[in-house]
Amino acid sequence: MAQKNDTPILILSLLITLGLLGFGGWWLARQLGLFSSSGSVTTIDSGTSPTPSPSPSGSYSLSTGDRLILPDGASPQKQQAVEAIAKGNYDQAIALLDQSLAQNRNDPEARIYLNNAQIGDQTSYTIAVAIPASSAPDAALEILRGVAQAQTEINDAGGIQGTPLKVLMADDANNPQTATKLADALVDQKDVLAVIGHFSSDTSLAASAIYQQAGLVMMSPTSTSVALSSVGDYIFRTVQSDRIAADSLARHMIEQMGVRNVAVFYNSQSDYSKSLKDAFSSIVLTEGGNVVAEIDLNTAASFNAFDSLKQARDRGAEALMLAANTPTRSQAFQVITANQGQLKLLGGDSLYNAEILQTVGQDAVGMVIAAPWNRDANPNSPFPAAARQMWGGDVSWRTALAYDATMAIANGLRANPTRAGLQEALSAPSFSVPGASGNIQFMASGDRNRAAQLVTIEPGNRSGYGYDFVPVP
């Protein structure tokens, strides 16, 4: 009987002990920083630098310098600088970031953190930049270079009416669900006066309604979907919409190439790709041409470039328009290779990258692509040379248009440094600011008021791949 009576007591004692151990482990983890008190990002302190862990869908990270958003390849000095900023030791952080940039000047995160550390606790105007840091770090770096270059020029010139510009970096992982949660967080931070981003049309469309409702300017340097034009009067972009790019491509095909029958390749699961396809097809039909086939690239397992090309030819195609997005580039390259230069080629801005030159350059010679920006198109612009001096090489169109977005916002804040005042300034018919790609002006829709730059692929040595993008006159 004694053994039966003791059993429940032993079990109860065991449960109490486990509970105490569990609570103690949780408390210790809290002290070591294993859980985020904000709920916005889970961060693990490795003992060398605070870096974002792979975050689940819906989780994001923010930093003005107290944590690394792009930890890969961070120098020891940069890691120490982040820790110094987190403790408010700005002078130490400045010295460390100067050392880090002396070793790697092509690091925009370090440049932004240096600019922010130089501001310290002074009064400043804050803007956020939403980037795909954890999913597309190369694209994130390209965008950050434009923001960092503009921030440096603005602050070195005395700031905005004497007030420096601070940049808050935000990683949305290029995930629409994460982008909406991030947008909710940014609209609640009343010191944030504008958001540069987001990266893809999918994430920008997901977040834009939140910014519009809250009255916070969002300006994307990279999202081209036509649907973004109708969200509202707080939504802007420095890249041309798909409608403008499609118009330039369609008119060039009909008027310059002398071609009227075209097959369009696109990704049915991409807002960007569908937007470009629809706009291009509509303009071709309006101009008296024919879209003889629409072929979905989003069938990687079953896609056959030769069969698709035969289908296009059998229907009378004289040209192929490749409205591929990043995940379907390889399928687009297969089509270019299979074509062997027989049908004329056109492409959207997703194909305006060095990969096409490196992978299928020979087969793509003569292809015409809608480029948001080309460094050779405006030889009088000081931006390409300034960018080369700062970063040690040529920069991409994403860098140029992120620079334009930052410059446009900064100049809008000069007129009225409030959320509503910025929107009014950007919307004014008289608003015009010099940028990397000519004057920055916006239409009533918030779209960039500028034609697309067409480029063609030709043999050349500047890219290092034997082929270059050359502006079409």
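Let me begin by describing the structure that accompanies this report. Everything numeric here is computed off the predicted structure, so don't read it as measured data. (Residues numbered from 1 in each chain as written. Predicted model: local features only at pLDDT ≥ 70, side-chain atom pairs only at ≥ 80, totals over all residues. Heavy atoms only, no water.)

**Let's talk about the sheet that holds strand S13 (residues 368-371)**
Logical step 1: Pairing in this open sheet of seven strands is mixed, and the strands run S10-S9-S11-S12-S13-S16-S17 from one edge to the other. With partners counted over all chains shown, the strands left at the sheet margins are strand S10 (290-296) and strand S17 (467-471), one partner each. Taken pair by pair, the neighbouring strands of this sheet meet at an average axis angle of 25°, ignoring direction.
Logical step 2: Pairing of strand S16 (residues 453-459) with S17 involves five bridges; the strand directions are antiparallel. (Pairing = 2+ DSSP bridges. Helix = DSSP H or I, 4+ residues; strand = E, 2+ residues; numbered from the N terminus. Axes fitted to C-alpha atoms, helices over the stretch in contact; angles between N-to-C directions.)

**A few points about the packing of aromatic side chains**
Each pair of aromatic rings is reported with the distance of its centres and the angle of its planes.
Logical step 1: By the definition in use, this model includes five aromatic pairs.
Logical step 2: An aromatic cluster of at least three residues, connected via ring pairs, comprises Phe 236, Phe 431 and Phe 442.
Logical step 3: The ring of Tyr 266 has Lys 277 sitting right over it, with the charged end atom 4.5 Å from the ring centre. (Phe/Tyr/Trp six-rings, centres within 6.5 Å; stacked < 30°, edge-to-face > 60°. Lys NZ or Arg CZ within 6 Å of the ring centre and 35° of its normal.)

**Here we look at the packing of helix H8 (residues 242-256) against helix H9 (residues 271-286)**
Logical step 1: One can describe the packing of H8 onto H9 by two numbers: an axis separation of 8 Å at closest approach and a directional angle of 45°. It follows from the interaxial angle that H8 and H9 lie oblique. For the pair H8 and H9, the crossing hand works out as right-handed. Where H8 approaches H9, its residues Asp 242, Arg 243, Ala 246, Asp 247, Leu 249, Ala 250, Met 253 and Ile 254 are matched on the opposing element by Tyr 272, Ser 275, Leu 276, Ala 279, Phe 280, Ile 283 and Val 284.
Logical step 2: Of the residues in the contact of H8 with H9, the class split is 11 nonpolar, one polar and three charged. (Parallel < 35°, antiparallel > 145°, perpendicular 65-115°, else oblique. Left-handed = near helix turned anticlockwise from the far one by under 90°. Contact = heavy atoms within 4.5 Å. Nonpolar A, V, L, I, M, F, W, Y, C, P; charged D, E, K, R; others polar.)

**Here we look at unusual backbone geometry**
Logical step 1: Along the chain, Gly 197 connects to His 198 via a cis peptide bond; the corresponding omega equals 0°.
Logical step 2: One non-glycine residue, Asn 174, lies in the positive phi region at around 55°.
Logical step 3: Along the chain, Asn 174 turns up in the loop between strand S5 (165-171) and helix H6 (176-188).
Logical step 4: Within the chain, Gln 340 stands out as a residue other than glycine whose phi angle is a positive 55°.
Logical step 5: Position of Gln 340 among the secondary structure elements: in the loop between helix H11 (329-339) and strand S12 (344-347).

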